[in-house]
Each structure stands twice: as C-alpha cells, then as structure tokens.
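These are the residues of each chain, in order.
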Amino acid sequence: MSTDEETMSPQPEPAEAPASASGVSHAPVSRAIYGLITVLAVLQVLEIETPSAWHATVVLFGTTVAVALVDAYSESIAEMLAERHWLTWNDLRAIGRNVTPVLVGAQGPTVILLLSALGLLSVGLAISLAQVVAFALLFGFGWRVGQLLHEHWLRQLASALFLVAIGGLVLGIKVIFH
C-alpha cells in the first residue's frame with residue numbers, strides 16, 4: 001500500500017461546524033451573510049447593466065450556486081488535508097449542509113426576479129425589490145446576531161444596522177467604480 005493510500009483512507013467521522021458556547025455554529029451564520037453580500041453585488045451589476053428578466057434570474061441564482069460550489073470544494077479540500085483522509089458520504093453530506101446557507105439568501109431575491117421573468121414585474125422594479133429583500137434579510141441576520149450577543153435593544157439595532165452598512169458599502173463601491 002502506498003503512503004497516499006495509507007494516509008488518505010476513509011474515516012467515519014463527518015465534518016461538522018463547531019458550535020460555540022451558546023450552541024450556535026458560526027459557519028451557517030457567516031455563510032448566509034456572505035451569500036447575501038454576494039447577492040447584493042450581483043444585483044448591483046444587474047441594475048447597472050439591466051439584462052432580460054430570464055437572464056437576470058439565471059445570473060443571480062447561477063452566481064450564488066457557483067459560490068456555494070466553490071465553498072463546498074474548498075471545505076472538501078480543507079477537510080481532506082486537515083484529517084488526512086478521503087471524504088466519506090457523511091463528510092460530503094455535512095459539507096452540503098454547511099454550504100446550504102450561502103444559497104438561502106438568494107432565494108427571496110431570485111423569486112422576485114423570477115416574477116419578472118414571468119411578466120409580473122418589470123426587470124428594473126424586480127431588481128430594486130430584490131435589493132430591498134436582500135437588505136431586509138441582512139438586517140434580520142444582524143438583528144438576530146445582536147439578540148444573541150446583547151440584551152439591550154439599541155445594541156441589537158446597532159448590530160443590524162452595521163450589517164446593512166456593510167451591504168451598503170459593497171453597493172457603494174460598485175457604483176463608484178463601475
């Protein structure tokens with residue numbers, strides 16, 4: 001048996017995101033936020049160079065799927081290198097669960113663009129509404145993070161507004177340099 005076969009043998013333990021002291025895993029939260037920021041960046045480009053409704057829908061969802069696949073691939077490689085074994089089906093399922101939050105943020109905005117593709121909304125209005133939905137989701141994530149970290153509502157609000165500001169920064173950079 002070669003060295004590679006010995007060190008890369010299958011192991012039964014799945015790759016799970018570690019939970020914090022509060023019992024909340026940081027990976028899904030960070031990935032969901034990352035997915036929403038990606039959605040905002042794509043929507044900004046779509047707003048500047050407005051394509052057809054179907055094209056916009058496919059570009060938004062396709063980009064989010066590509067980001068999730070890259071995340072899954074990088075996590076797979078990291079897992080194999082860290083654990084020195086080939087991935088098992090349990091590992092792959094856990095990685096799939098871990099990258100799913102990247103796609104979660106794209107669902108609302110994608111549905112709105114799909115409504116445009118079906119002729120129910122204009123493309124411009126759909127892109128604007130999709131941005132509002134993405135910002136609302138960022139606000140919601142930020143608020144929830146604030147609830148987990150702070151007891152006072154003002155700090156919870158600050159947490160939500162901070163996350164919205166990060167999304168606004170992404171949009172601002174795209175507007176300025178595009």
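Placed above this text is the structure.
These remarks concern the structure in this document. (Residues numbered from 1 in each chain as written. Predicted model: local features only at pLDDT ≥ 70, side-chain atom pairs only at ≥ 80, totals over all residues. Heavy atoms only, no water.)

## Side note on a nonpolar patch on the surface
- A cluster of nonpolar side chains, Trp54, Val111, Leu114, Leu115, Leu118 and Leu120, forms an exposed patch at the surface whose accessible area comes to about 570 Å².
- Sort the elements by how many residues they give to the nonpolar patch and helix H4 (residues 89-117) lands first, with three residues.
- Here Leu115 is to be found in helix H4. (Patch = residues over 30% accessible without salt bridge, like charges linked within 9 Å, V, L, I, M, F, W, Y side chains within 5 Å. Areas by Shrake-Rupley, 256 points an atom, 1.4 Å probe, with all protein chains shown as cover. Salt bridge = Lys/Arg side-chain N within 4 Å of Asp/Glu carboxyl O. Helix = DSSP H or I, 4+ residues; strand = E, 2+ residues; numbered from the N terminus.)

## Re helix H6 (residues 153-177)
- The terminal C-alpha atoms of H6 lie 36 Å apart, and with 25 residues this matches the ideal 36 Å at 1.5 Å per residue to within 8%.
- Of all the residues in H6, the buried ones are Gln156, Ser159, Ala160, Leu163, Gly167, Val170 and Leu171. (Expected span 1.5 Å × (residues − 1). Buried < 20%, exposed > 50% of the residue type's maximum accessible area, 1.4 Å probe, protein only.)

## Focus on the packing of aromatic side chains
- Counting across every chain of the model gives one aromatic pair.
- Both rings, one in Phe139 and one in Trp143, keep their centres 6.1 Å apart while their planes meet at 25°; by these two values the pair is stacked. With Phe139 and Trp143 both in helix H5 (residues 123-149) and four residues apart, this pair spans about one turn of that helix. (Phe/Tyr/Trp six-rings, centres within 6.5 Å; stacked < 30°, edge-to-face > 60°.)

## Things to note about the packing of H5 against H6
- Their axes nearest at 7 Å, the elements H5 and H6 cross at an angle of 145°. The chirality of how H5 crosses H6 is right-handed. Residues Gln131, Phe135, Leu138, Phe139, Phe141, Gly142, Trp143, Val145, Gly146 and Gln147 of H5 form the contact with H6, whose own contacting residues are Trp153, Gln156, Leu157, Ser159, Ala160, Leu161, Leu163, Val164, Gly167, Gly168 and Leu171.
- For the contact of H5 with H6, the class distribution of residues is 13 nonpolar, eight polar and no charged. (Axes fitted to C-alpha atoms, helices over the stretch in contact; angles between N-to-C directions. Left-handed = near helix turned anticlockwise from the far one by under 90°. Contact = heavy atoms within 4.5 Å. Nonpolar A, V, L, I, M, F, W, Y, C, P; charged D, E, K, R; others polar.)

## Some thoughts on the nonpolar core
- The biggest cluster of nonpolar side chains holds 25 residues, and the ones touching the most others in it are Val39, Leu43, Leu46, Leu60, Leu113, Ile127 and Leu138.
- When contributions to this core are tallied by element, the ones reaching two or more residues are helix H2 (26-48), helix H3 (53-83), H4, H5 and H6.
- For this core, the element with the most residues is H2, which contributes nine residues.
- Not counting residues up to four positions away in its chain, the partners in contact with Leu138 are Ile33, Leu36, Ile37, Leu40, Leu163, Val164 and Gly167. (Core = buried A, V, L, I, M, F, W, Y, C linked by side-chain atoms within 4.5 Å.)

## With respect to the environment of Thr63
- Turning to its location among the elements, Thr63 is positioned in helix H3.
- Classification of Thr63 as partly exposed rests on a relative accessible area of 26%.
- Distance from Thr63 to Gly35, taken between C-alpha atoms, is 9.8 Å for residues 28 residues apart in sequence.
- Residues within four places of Thr63 in sequence aside, it is in contact with Thr38, Val42 and Val58.

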